Amino acid sequence: MAYKSVLSAVVVGIIAIGGLSFFIVQQPTNPIDDAQVSEPSTPTQEVIKRPESEMAIAEDKIEQIDQRLTSLSGRIDRGFEAQLAHSADVKQSLASVAETVRAINVAVADLTKSNQTFSQRIDAAISRLNTLIKETRKRKVIQRKPAARTKPRPAKIPPFHVDAIDVWDDETYVAISQAGRVAFLRSGERQSGWTVARIDRLKGRVEFKGPVGQHHFVSLPR
C-alpha cells in the first residue's frame, strides 16, 4: 500500500508540472505591445487592465499548482515514511522469525543429542541383560550336568578278622569276628560283601571273593 501511494503521488506531480509548463508556454511574451498594436487609439484603460487580469489568473493557477505540489510533496514524504516504517516492521518480523528458527534448531539439536544418549543407554542395558542371560544359562547347564560318580576303590582285604576253622556235624566253618561280633560261615556264604570261596581245614587256609571279583587268602597258624 505504501508503494502504491508513493507511485500515485509521483504520477500526479508529473501531470501537474507538465500542465504548468504548458500553461506558461502558451502565455504571450509581451502582452502590452500586442495590445497596443491591435488597438493603438483611445482605449488606454482597457489595454492596461487586460494584462493585469491575465496575470492574476496566472498567479491563481500557479498558486493552486504550488498548493498541489506542496500537498503532493507531503504525500510523498508520508509515503516514504510509511514505507520506512513498514520496512522496519518487516525487518523486525524477519529478525523475530530468524530468532525463532534458531531456537527451534537448538531444541532439535538438544533433542537429537538426548535421543542418542538414551539410545546408548538402552543398548548398554540390552547388552548387560544378554550377558546376564548367557551366564544364567551356563550356570543352569552346569547345575543340570550330573556329577561324575567316583567309583569306590575295591577293598583289598575283608573288613573282618578270621579267627579259626571249626568242624561241626561234619560241616566245616570259618569263625570271623567284626565289631565285637562273631559269625560262623560255611563255603558259599557272604559277610560284608565278601563270599567264602573255599575252606581248606588241613592247610588252615580260607579263600574269600570280594564284591568286584577280587580274591583274598587267609592262612591260620597251626
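Since we're looking at a predicted model, the values are computed, not measured. (Residues numbered from 1 in each chain as written. Predicted model: local features only at pLDDT ≥ 70, side-chain atom pairs only at ≥ 80, totals over all residues. Heavy atoms only, no water.)

Participant: Run through the side chain of D200, naming residues and quoting values.
Facilitator: Assignment of secondary structure puts D200 in strand β5 (residues 194-200). Polar contacts involving the side chain of D200 include one to the main-chain amide nitrogen of L202, which spans 3.4 Å. Excluding residues within four positions of it along the chain, D200 makes contact with I165 and R205. (Helix = DSSP H or I, 4+ residues; strand = E, 2+ residues; numbered from the N terminus. Polar contact = N/O pair within 3.5 Å; in protein donor to acceptor, adjacent residues only side chain to side chain. Contact = heavy atoms within 4.5 Å.)

Participant: Explain the packing of aromatic side chains to me, using residue names and the numbers behind them.
Facilitator: Applying the stated criterion to the full structure yields three aromatic pairs. Considering the side-chain rings of W168 and Y173, the 5.5 Å spacing of their centres and the 45° angle between planes classify their relative orientation as tilted. Its relative accessible area of 41% is what places W168 among the partly exposed residues. A relative accessible area of 17% places Y173 in the buried class. Aromatic rings pair up to connect W168, Y173 and F184 into one cluster. (Phe/Tyr/Trp six-rings, centres within 6.5 Å; stacked < 30°, edge-to-face > 60°. Buried < 20%, exposed > 50% of the residue type's maximum accessible area, 1.4 Å probe, protein only.)

Participant: Before we move on, can you summarise the sheet that holds strand β6 (residues 205-209) with the specific residues and values?
Facilitator: Here four strands make up an open sheet; going across it, the order is β4-β5-β6-β7 and the pairing antiparallel. Only two strands of the sheet have a single partner each, and these edge strands are β4 (190-191) and β7 (215-219). Relative to β5, β4 runs antiparallel, the two sharing two bridges. Within β5, the position partnered with R190 by the bridge is T195. (Pairing = 2+ DSSP bridges.)

Participant: Please set out the pattern of salt bridges residue by residue, giving values where relevant.
Facilitator: Pairs can form between side chains of opposite charge once their charged atoms are near each other. All chains considered together, the criterion is met by two salt bridges. Between E99 and R102 there is a salt bridge whose closest N-O contact spans 2.4 Å. Here E99 pairs with R102, and both are found in helix α3 (residues 44-144), just three residues apart, close to one helical turn. What makes E99 partly exposed here is its relative accessible area of 45%. By relative accessible area, R102 is classed as partly exposed at 46%. Across the pair E189 and R186 runs a salt bridge, and its minimum N-O distance is 3.5 Å. (Salt bridge = Lys/Arg side-chain N within 4 Å of Asp/Glu carboxyl O.)

Participant: Any details on the sheet that holds strand β2 (residues 171-178)? Residues and values, ideally.
Facilitator: Taken together, the three strands give an open sheet; going across it, the order is β1-β2-β3, and neighbouring strands pair in antiparallel fashion. Every interior strand has two partners, whereas the edge strands, β1 (161-168) and β3 (181-185), have only one. Taking the axes of each pair of neighbouring strands and ignoring which way they run, one obtains an average angle of 25° across the sheet. Sheet topology note: the β2/β3 ladder contains five bridges and is antiparallel. Looking at β3, one finds that S177 is bridged to V182. (Axes fitted to C-alpha atoms, helices over the stretch in contact; angles between N-to-C directions.)

Participant: Kindly report on the pairing of β5, identifying the contributing residues and their values.
Facilitator: Burial analysis of β5 places five of its seven residues in the buried class, the great majority of the element. The hairpin formed by β4 and β5 contains two residues between the paired strands, and S192 there has a positive phi angle of roughly 55°. As paired elements, β5 and β6 share five bridges and run antiparallel to each other. Its bridge partner lying in β6, T195 is registered against K209. Connecting the antiparallel pair β5 and β6 is a turn made up of four residues, with G204 showing a positive phi of about 65°.

Participant: Can you tell me about a negative patch on the surface, naming the residues and giving the values?
Facilitator: Residues E59, D60, E63 and D66 make up a contiguous surface patch of negative charge. Along the chain, the position of D60 falls in helix α3. (Patch = residues over 30% accessible without salt bridge, like charges linked within 9 Å, V, L, I, M, F, W, Y side chains within 5 Å. Areas by Shrake-Rupley, 256 points an atom, 1.4 Å probe, with all protein chains shown as cover. Lys, Arg positive; Asp, Glu negative; His and termini not counted. Charge placed at Lys NZ, Arg CZ, Asp CG, Glu CD.)

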